[in-house]
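Structural overview
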There are 2 protein chains.
Amino acid sequence: MKKEYEVTPYEVKGEVDYEKLIKEFGVERINDKLIERIEKHTGDLNILLKRRVFFAHRDLNWLLDEYEKGNKFFIYTGRASSKGSKVHIGHLMPWIMCKWLQDKFDAEMWFQFPDEEKFLYKPELTLKDTEEATYEDMLDVIALGFNTKKTFFIIDTQHANLLYREACRVAKKITFSTVKSSFGFTESNNIGSIFYTSMQAVLAFLPSVLKGKNIPCVIPLGIDQDPHFRISRDVMPKIGHYKPAIMHNVFLPPLTGMGGKMAASSNKDAAIFTTDSPSEVKRKINKYAFSGGRDTLEEHRKLGGNPDIDISFQYLKMMFEPDDKKLARIETDYRSGKLLSGELKAILIEKINTFLKEHQEKREKAKLIIDKFIFKG
Amino acid sequence: MKKEYEVTPYEVKGEVDYEKLIKEFGVERINDKLIERIEKHTGDLNILLKRRVFFAHRDLNWLLDEYEKGNKFFIYTGRASSKGSKVHIGHLMPWIMCKWLQDKFDAEMWFQFPDEEKFLYKPELTLKDTEEATYEDMLDVIALGFNTKKTFFIIDTQHANLLYREACRVAKKITFSTVKSSFGFTESNNIGSIFYTSMQAVLAFLPSVLKGKNIPCVIPLGIDQDPHFRISRDVMPKIGHYKPAIMHNVFLPPLTGMGGKMAASSNKDAAIFTTDSPSEVKRKINKYAFSGGRDTLEEHRKLGGNPDIDISFQYLKMMFEPDDKKLARIETDYRSGKLLSGELKAILIEKINTFLKEHQEKREKAKLIIDKFIFKG
């Protein structure tokens with residue numbers, strides 16, 4: 001039986017069946033009990049947990065066990081920058097989760113910018129391209145409000161003195177067969193791309209190495225990135241470190257419909273970038289956001305729309321309308337036909353543009369403080 | 001037809017047919033014309049060139065063309081340190097050549113200590129093992145008298161900030177197929193060992209990167225290491241650098257006879273280490289140095305010995321008796337039976353112990369100046 005979707009670190013295609021993916025990847029669902037356990041510590045829930053955008057995990061209960069014993073964790077995520085692949089709102093989901101976890105658990109945030117990754121995987125890219133893109137992407141991360149004193153940016157080529165030695169320890173435990181089967185590599189892969197997963201593994205234990213004691217780690221990420229950490233979770237105990245816990249988010253769908261994930265590199269009109277102007281946001285949503293509405297006004301009023309496949313409603317639900325009551329009203333009104341597609345789009349446009357106005361102001365200011373975030377060690 | 005010898009970066013077995021190896025590796029013989037051309041610049045020849053211990057090359061004529069145009073070259077060689085693999089006199093041959101080239105051509109010497117290499121290839125080694133061994137090996141290099149101001153040690157894990165970025169550029173141009181066929185790798189090789197050749201390639205152009213202009217490079221090395229640079233010579237023009245020139249030396253045979261090469265890791269009694277005491281040297285040579293002499297004194301006096309297979313004579317010829325006349329007399333006397341095996345061994349023992357006495361004194365003093373050699377950049 002052919003699967004109707006495909007989820008790898010390199011491609012997400014089709015309408016993902018997350019229930020199946022949980023089984024296939026061997027991860028656990030974030031269930032109500034776990035949510036309650038988190039809420040006990042945090043006092044409230046952010047939208048991404050409440051709405052189960054973060055829907056799966058590995059070892060989160062262990063992470064909380066350790067936390068409750070006084071063994072605080074650090075947070076790690078990353079961003080592989082690439083020319084022609086600007087940050088879009090889908091990228092922000094794990095980073096917003098990181099920021100929330102940092103605030104709630106007073107945790108250190110280690111953010112990796114593997115500026116060699118896309119260079120190694122994409123023939124046309126130069127290192128200059130990825131380095132310039134890394135600078136731009138750092139601004140987006142800073143704009144989300146991370147704590148200057150507790151957030152550390154690691155840039156692979158600039159921090160190789162810290163990373164390479166540890167990456168060799170990881171690499172020694174991983175054969176070509178393993179990366180071949182995990183990533184679908186062939187003998188035509190270049191030897192940098194083959195080695196790369198070792199560099200990505202290091203951040204999950206680098207703070208432990210620097211501080212000379214084992215510190216738990218949690219990695220919020222899109223579930224397509226899980227294969228990288230499946231390998232490194234196997235390796236880490238073999239070199240004396242904890243396996244990192246992982247929190248997986250579902251994909252933010254592209255404007256064009258519920259299949260796949262928002263991607264910066266394919267159709268520019270199917271993504272909302274953090275640097276888009278209000279008129280661009282308006283144009284894209286009005287023109288491209290897939291609608292669950294009916295073909296004619298009359299039909300819509302009579303039969304109602306379908307929020308389950310309506311991209312504007314989904315974006316509100318996943319990221320932009322934190323108020324449960326307001327969201328419920330929008331859903332009811334849309335389903336009943338009282339709320340029209342154009343009106344629903346207008347709500348989303350306003351929400352996104354409000355968010356982006358503030359984000360873009362903070363992104364400008366980030367240029368002045370970027371150096372504070374780069375790890376000096 | 002099965003070959004009777006085997007030469008790879010990982011093993012040298014059997015009695016090497018260097019004539020065949022030149023064809024097989026696609027290198028050129030260092031002929032009289034080239035020797036004359038070198039001598040024109042250097043005024044004299046060191047023993048290693050005079051006796052054709054350095055017997056083959058790639059692009060040495062190009063290197064001299066550039067030099068004659070005023071485009072000076074730098075020298076690069078390296079040493080992959082390993083616990084249980086101390087420096088022996090065979091290791092010194094390319095390093096002595098480097099020192100001579102530095103003096104004669106006023107050239108910068110870049111010396112790489114890839115402290116991750118043996119760690120990646122040998123399951124039992126830790127990084128601590130290779131780092132400790134690297135320290136010891138640096139003392140041997142310094143003891144040979146390199147110019148403090150023009151010699152730069154690069155240690156892979158400590159200088160990864162300089163190396164990793166450039167290694168990625170190299171790695172992007174090398175597929176697994178290529179390393180598989182060049183080094184006989186399989187899918188069971190770890191991904192660090194697969195990547196490693198990129199790190200080794202970098203030193204052949206790092207000074208060019210640091211100085212922002214293309215500088216020719218020459219690499220003196222044992223011919224078994226040639227495959228590493230065959231790959232990197234293919235890659236370098238693709239990333240904007242000169243192919244390095246290479247000078248290949250034959251192997252110093254082990255004490256036990258003319259097959260293979262002196263190796264630190266197999267039979268400790270078949271190698272003379274730089275830290276051996278005078279009595280150890282005496283014991284090893286007297287007991288193990290393969291002799292070309294006859295079974296009895298009478299036979300030897302009557303029929304004479306065979307210097308071509310006599311290890312003591314070969315060591316004198318290759319490294320320890322620079323005076324051509326003295327060497328010729330020893331050869332004649334041995335061939336005629338006038339010189340006995342024990343007497344020949346005594347000559348070598350005296351020569352090696354004189355060399356090692358001075359070397360070991362300098363090696364002690366090197367501990368005080370080691371930091372001057374480590375590149376700060």
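Quantities reported herein were computed from a predicted structural model and do not represent experimental measurements.

1. Things to note about the overall build of chain A
Looking only at helices and strands, chain A has 17 helices and nine strands in total. Relative to the compact-globule value of 21 Å for 377 residues, chain A shows a C-alpha radius of gyration of 21 Å, a close match. Overall, chain A is about 65 × 55 × 50 Å in size when its C-alpha atoms are taken along their principal axes. Scored against the burial criterion, the 377 residues of chain A give a buried share of 49%.

2. What to know about the interface of chain B and chain A
At the interface, 29 residues of chain B touch 29 residues of chain A. Secondary-structure elements contributing two or more residues to the side of chain B that touches chain A are α6 (117-121), α8 (160-171), α9 (176-183) and α10 (191-202) of chain B. A per-element tally of the side of chain B that touches chain A places α8 of chain B first, with seven residues. The residue inventory of the side of chain B that touches chain A, partitioned by class, reads 13 nonpolar, 10 polar and six charged.

3. Brief notes about the relation of the copies chain B and chain A
If you rotate chain B by 180 degrees and push it 0.0 Å along the axis, it lands on chain A with an RMSD of 0.1 Å. Such values leave the two copies arranged in the relation of a two-fold axis. Mapped onto chain A, 100% of the interface residues of chain B are again interface residues, and the two copies thus contact each other with one and the same surface.

4. Description of the sheet that holds strand β9 (residues 245-249) of chain A
All names here are of chain A. Overall, mixed pairing links the seven strands, which are arranged β3-β4-β9-β8-β5-β6-β7 in an open sheet. Whereas interior strands pair on both sides, the edge strands pair on one side only; in this sheet they are β3 (28-29) and β7 (151-155). Two elements, strand β5 (residues 74-78) and strand β8 (residues 217-222), share two bridges in a ladder whose sense is parallel. The residue bridging I75 from the neighbouring strand is V218, located in β8.

5. Considerations on unusual backbone geometry
Excluding glycine, residues mostly have negative phi values, and the peptide bonds linking residues are mostly trans. In this structure, D59 of chain A takes a positive phi of about 60 degrees despite not being glycine. Even without being a glycine, R52 of chain B presents a positive backbone phi close to 60 degrees. Mapped onto the fold, R52 of chain B is located in the loop between α3 (47-50) and β4 (54-58).

6. Focus: the sheet that holds strand β9 (residues 245-249) of chain B
All names here are of chain B. Pairing is mixed in the open sheet, where seven strands are placed in the order β3-β4-β9-β8-β5-β6-β7. Across the chains shown, the open sheet's two edge strands, defined by having one partner strand only, are β3 (28-29) and β7 (151-155). In this structure, strand β5 (residues 74-78) lies alongside strand β6 (residues 109-113), joined through four bridges in parallel fashion. Note that in β6 the partner of I75 across the bridge is M109.

7. Details of the packing of helix α9 (residues 176-183) of chain A against helix α12 (residues 226-235) of chain A
All names here are of chain A. Contact geometry for α9 and α12: axes closest at 10 Å, N-to-C directions at 150 degrees. Considering their axes alone, α9 and α12 lie roughly antiparallel with respect to each other. Here α9 and α12 pass one another in a crossing that is right-handed. Between α9 and α12, the contacting residues are T178, S182 and F183 on the first element and P227, R230 and I231 on the second. For the contact of α9 with α12, the residue count by class is three nonpolar, two polar and one charged.

8. Focus: the environment of N189 of chain B
Inspection of the secondary structure puts N189 of chain B in the loop between α9 and α10. Distance from N189 of chain B to Y121 of chain B, taken between C-alpha atoms, is 8.7 Å for residues 68 residues apart in sequence. Beyond its immediate sequence surroundings of up to four residues, N189 of chain B is in contact with T175 and F176 of chain A together with I194 of chain B.

9. Focus: the confidence of the model for chain A
Interpretation of this model should avoid reading the predicted coordinates in detail wherever pLDDT is low. When pLDDT is averaged along chain A, the result is 95, and 99% of the positions lie at 70 or above. Both scores are given for the predicted complex: the pTM is 0.93, the ipTM 0.92.

10. With respect to α10 of chain B
Where burial is concerned, most of α10 of chain B is hidden: 12 out of the 12 residues are buried. All buried positions along α10 of chain B are accounted for by I191, G192, S193, I194, F195, Y196, T197, S198, M199, Q200, A201 and V202 of chain B.

11. Details of the domain arrangement of chain A
Residue and element names in this part refer to chain A. According to the domain assignment, chain A contains domain 1 (6-250) and domain 2 (268-362). Relative placement of domain 1 and domain 2: their C-alpha centres are 30 Å apart. On the domain 2 side, the residues contacting the 10 residues of domain 1 number 11 residues. Where the side of domain 1 that touches domain 2 is concerned, the elements lending two or more residues are α5 (89-105) and α7 (127-143). Grouping the constituent residues of the side of domain 1 that touches domain 2 by class yields six nonpolar, one polar and three charged.

12. Notes on the pairing of strand β8 (residues 217-222) of chain B
Residue and element names in this part refer to chain B. Of all six residues in β8, six are buried, a share of seventy percent or more. Both faces of β8 are covered, namely the face carrying C217, I219 and L221 and the face carrying V218, P220 and G222. Of the strand pairs in this sheet, β8 and β9 are connected by five bridges, and their pairing is parallel. Looking at the pairing, L221 lines up with H248 of β9. Read from β8 through helix α12 (residues 226-235) to β9, the crossover connection turns out right-handed.

13. Comments concerning the nonpolar core
Judged by nonpolar contacts, the single largest core of 212 residues is most densely connected at W110 and C217 of chain A together with C217 of chain B. Not counting residues up to four positions away in its chain, the partners in contact with C217 of chain B are F73, F74, Y76, A204, F205, Y242, P244 and A245 of chain B.

14. Brief notes about the environment of E280 of chain B
Its location among the elements puts E280 of chain B in helix α13 (residues 278-288). Separated by 171 residues in the primary sequence, E280 of chain B and M109 of chain B have C-alpha atoms spaced 32 Å apart.

15. Let's talk about the packing of α13 of chain B against helix α17 (residues 341-373) of chain B
Relative orientation and spacing of two packed helices are given, respectively, by the angle between their axes and the distance between those axes. Residues and elements named next belong to chain B. One way to put it is that α13 packs onto α17 with a least axis distance of 10 Å and a crossing angle of 150 degrees. Classed by the angle they form, the pair α13 and α17 counts as roughly antiparallel. Considering only the axes of α13 and α17, their crossing is right-handed. Counting all contacts with α13, which are made through P278, V281, K282, I285 and N286, the residues of α17 involved are K345, L348, I349, I352, N353 and L356. Per-class residue counts for the contact of α13 with α17 are seven nonpolar, two polar and two charged.

16. Some remarks on the pairing of strand β6 (residues 109-113) of chain A
Residue and element names in this part refer to chain A. Counting buried positions along β6 gives five out of five residues, so the element sits mostly inside the fold. Side chains of β6 alternate between two faces, with M109, F111 and F113 and W110 and Q112 buried alike. With respect to chirality, the unit in which β5 leads through α5 into the neighbouring parallel β6 is right-handed. In the sheet, β6 pairs with β7 via five bridges, with the strands oriented parallel. Across the sheet, Q112 pairs through a bridge with I154, a residue of β7.

About the criteria used
- Residues numbered from 1 in each chain as written.
- Chains lettered and ligands numbered in written order.
- Predicted model: local features only at pLDDT ≥ 70, side-chain atom pairs only at ≥ 80, totals over all residues.
- Helix = DSSP H or I, 4+ residues; strand = E, 2+ residues; numbered from the N terminus.
- Rg over C-alpha atoms; globule rule 2.2 N^0.38 Å.
- Buried ≥ 20, exposed ≤ 12 C-beta atoms within 10 Å, placed from the backbone.
- Contact = placed C-beta atoms within 7 Å.
- Nonpolar A, V, L, I, M, F, W, Y, C, P; charged D, E, K, R; others polar.
- Least-squares fit on C-alpha atoms with pLDDT ≥ 70 in both.
- Pairing = 2+ DSSP bridges.
- Axes fitted to C-alpha atoms, helices over the stretch in contact; angles between N-to-C directions.
- Parallel < 35°, antiparallel > 145°, perpendicular 65-115°, else oblique.
- Left-handed = near helix turned anticlockwise from the far one by under 90°.
- pLDDT = per-residue confidence, 0-100.
- Domains from an automatic or database assignment.
- Right-handed = clockwise from strand over helix to strand, strands pointing away.
- Core = buried A, V, L, I, M, F, W, Y, C linked by C-beta atoms within 7 Å.

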